[in-house]
Structure formats: structure tokens, C-alpha cells
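Residue-level structural notes
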Amino acid sequence: MSLPSIDPALYPSQLAEKVAGFKHAFAPFAVPEPEVFASAPLHYRLRAEFRMWHDGERVDYAMFDSADPKQPVAIEAFPVAVEPICALMPRLRERLQRDEILKRRLFQVDFLATLSGELMVTLVYHRPLDEQWEAAARALAADLRVQLIGRSRKQKIVLDRDWVLEEFELGGRQLRYKQIEGSFTQPNGGVNRQMLGWASAQAAGLGGDLLELYCGNGNFTVALAPLFGRVLATEVSKSSVHAAHYNLAANGIDNVAMVRMSSDEISGALAHVREFRRLKDLDLDSYRFSTLFVDPPRSGLDDATVELARRFDRVLYISCNPQTLHDNVAALQDTHRIAAAAVFDQFPYTRHLECGLLLARR
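Here the structure is a predicted model, which means the values were calculated and not measured. (Residues numbered from 1 in each chain as written. Predicted model: local features only at pLDDT ≥ 70, side-chain atom pairs only at ≥ 80, totals over all residues. Heavy atoms only, no water.)

With respect to the helices and strands, F64 occurs in strand β3 (residues 58–65). A C-alpha to C-alpha distance of 8.8 Å links F64 and A74, two positions 10 residues apart in sequence. (Helix = DSSP H or I, 4+ residues; strand = E, 2+ residues; numbered from the N terminus.)

This part covers the nonpolar core. The nonpolar side chains of a soluble globular protein tend to be buried, and buried together. L92, V109, F111 and L123 are the most contacted members of the largest nonpolar core, which totals 78 residues. The element that contributes the greatest number of residues to this core is helix α4 (residues 131–144), accounting for 6 residues. Setting aside its immediate chain neighbours within four residues, V109 contacts A48, E49, F50, M52, Y61, L92, L96, V121, T122 and L123. Within the second largest apolar cluster, 34 residues are counted, among which are F37, V191, V222 and I253. (Core = buried A, V, L, I, M, F, W, Y, C linked by side-chain atoms within 4.5 Å. Buried < 20%, exposed > 50% of the residue type's maximum accessible area, 1.4 Å probe, protein only. Contact = heavy atoms within 4.5 Å.)

On to the pattern of salt bridges. Under the criterion given, the structure shown has 23 salt bridges. Between E134 and R138 there is a salt bridge, with the nearest N and O atoms lying 3.1 Å from each other. Placement of the pair is E134 and R138 together in helix α4, with a separation of 4 residues, close to one helical turn. Relative accessible area serves as the criterion here: at 26%, E134 is assigned to the partly exposed category. Residue classification places R138 among the partly exposed residues on the basis of a relative accessible area of 40%. D209 serves as the salt-bridge partner of R230, at 4.0 Å between the closest nitrogen and oxygen. With R230 in the loop between α6 (219–224) and β12 (231–234) and D209 in strand β11 (residues 209–213), the pair connects residues that are 21 residues apart, well separated along the chain. In this structure R230 comes out as partly exposed when scored by relative accessible area, which is 31%. (Salt bridge = Lys/Arg side-chain N within 4 Å of Asp/Glu carboxyl O.)

Let's shift gears to the environment of G208. Inspection of the secondary structure assignment puts G208 in the loop between α5 (189–203) and β11. Residues G208 and A249, spaced 41 residues apart in sequence, show a C-alpha to C-alpha distance of 22 Å. In this view, G208 contacts F228, G229, R230, R288 and S290; residues no more than four positions away in its chain are not counted.

Our next topic: the sheet that holds strand β7 (residues 147–152). Ordered in space as β4-β3-β2-β5-β6-β7-β8, the 7 strands form an open sheet in which the pairing is mixed. Each edge of the open sheet is held by one strand with a lone partner, namely β4 (68–74) and β8 (155–158). With direction set aside, neighbouring strand axes in the sheet form an average angle of 30 degrees. In this sheet, β3 lies alongside strand β2 (residues 47–55) in antiparallel orientation, the contact comprising 5 bridges. Paired with R51 across the two strands is A62, which belongs to β3. Across the sheet, α4 touches β6 (119–125), β7 and β8, and the angle it forms with β7 is around 150 degrees. (Pairing = 2+ DSSP bridges. Axes fitted to C-alpha atoms, helices over the stretch in contact; angles between N-to-C directions.)

So this is what it looks like as C-alpha cells:
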């Protein structure tokens, strides 16, 4: 895919085309009319990553077009990024340009922002970082008023902290999230809030207990937990589990048990075909699960998790890949129907579309 063309005037028609494709693909499953959640047409990305291209003494942000992957495209402006990133980019480039210590063998720059105004920059190098670099980096961080991290092979230098704190309002609650550098976070903050709002609306009134797979840093867990009696949430990433524990405590949530397990492991545990020491303090049989919530990777649900989903009255499914979602819905067609649908445009000007389905037992 080539670099997308950013034209807000074309955004409504491009989104309409993606929605039409979703409706056509899921028509065989009698999908109801989906709710459509559009993105802001500009300044929506909270994350941005750029290669740094060196041409003599000059250094520029660069991206690469898949149609010509060896030819860098210099990036003077990146209007899809949130405004704090856009404002910082030229200031940072100018500082890097005139500081040989910070510029030397700089390979990549990553930006991470929050809706609440925090900003982190990671500088990635093809050389070891020393005390000279750290002194220059501290001066840069103080001048630009950002969190700054340096990375090179087998080296990570954190000047202050390696996370930012996100905070926003949802349904009358003020939600807080620790977002760790290098871990997955939702790139489109505005659409993420809409995803959380839609999922919460579908879960309202369901009651019972919730099983959540692929919970990440607790993005959905924090929003959904108050709607259920108890929640069992699973995740495999150590850093995400650490962040999820922080986020649950920061939001005063005490009805969630977190376990570091994969989806097929928890499937085996619930089916009593395998035992895990990680679950020794949990009485799985005491849970009264009414709902399964999943937000899987692009590969979708594996066969064991599809079989687990059959046991639930309702499956609330957020997908970043309509094709694997389609395959999973087809596999569950004999036991579940689509009760509600939504599409979330996390990535305007691309073919990518995130989807949400509420599946109810027939």
C-alpha cells in the first residue's frame, strides 16, 4: 500500500465505501444496520513513528512508500498526528539538526501522546549511548518539556519515566490509564473513546460475570468492569499486565482478577482439561459468566477460543481485521446470531476498518 493521500474533503465518501464493504461482507449473517463511528479527519493519531534520514549534515523525518521502498519520502508535516505532536516535530528536528551528539547515527523517532496532554519521545540509535548523550538528552527534554527515552541495541535509557498517563471522561466517569512506551496503545484516541462507549452500551444490563481475553493494559476492562459482578481478565504481555494492574487501581476497580495466560490456556482451564499454578488462588467454578469479551490480534480467535465462545450466552467482539472476524462469525453461526454491530474508523484514508459485534445465543 502506498502512502495515503490526506484530503478531508474525501473522507466522508471513503468512510462510506468502507462501511458499504462491511455491510456487504456480513450480509449473509443478517447483520443489523451498524452504528458508524467516524474519526476526526485530521489530528487524530496519538502515535507516530518516523525513520530519520541523513543527507550530509541534514536530517529529516522520513517514511517509505511500498511502491518504491528504497526511496525515502521526507515528511515536512504530518497532519494526521494530534496537534501536540505536529507542533513538536519541527522544533525537535531543528534541535537534532544542530546537536551532533543527539543526531549521530539516529535511526528513528517515535512519538506517543495522550488526550490529556502528555507527550513522550523515543530516540532510537545505531550506536551505544553514553554519558555525553544522556547529558544532551536531558537538556533537550527540559527544553521541549517532554518525556524522553533513548534506545539502541540492548540498551534503554529512561530519563524520567517510560510511560505517559492518559485521562478522559466516559459516561460520567474519569478514566485513567498508564501507557507504557513500546507497548500497544490505541492510536486514535477519539475513536477509542467511541469504542469504549459502544462496548459499554452493549454490556449495560447484561449482568453476571465477564471473561475478557486479550485485555492488554485494561483499556476495555476499566470501562466494562463496573457493569458486571466479577471480571476475569487475561493477557500474555508482562508489560501490559503490569499496566493493567496499575490502571485498575488508579480507577478504583476491585472486582477484576488478572491472570497472565493465553486464550487457549484459559480455554483449557475452563474446560478442566488442564491445570495451571497461576490459577491456584482462583475458584473458576465460582464464576457465573454471562458474557465473553474479546479484542484479539489480527489473526482473530483460534479454534480453541471459538469453541470456548460457544459456551457463552453473549460474545462482545472488537476486531481489527474484518476478514478473521468474518471467519469467526461463520464458525459460530450455528450457535450465535449478530445482535448489534458497529464500525470504528481508527485509520482514515486507509482500507483498515475496526468492527464491533454483539453475538447472542440463538
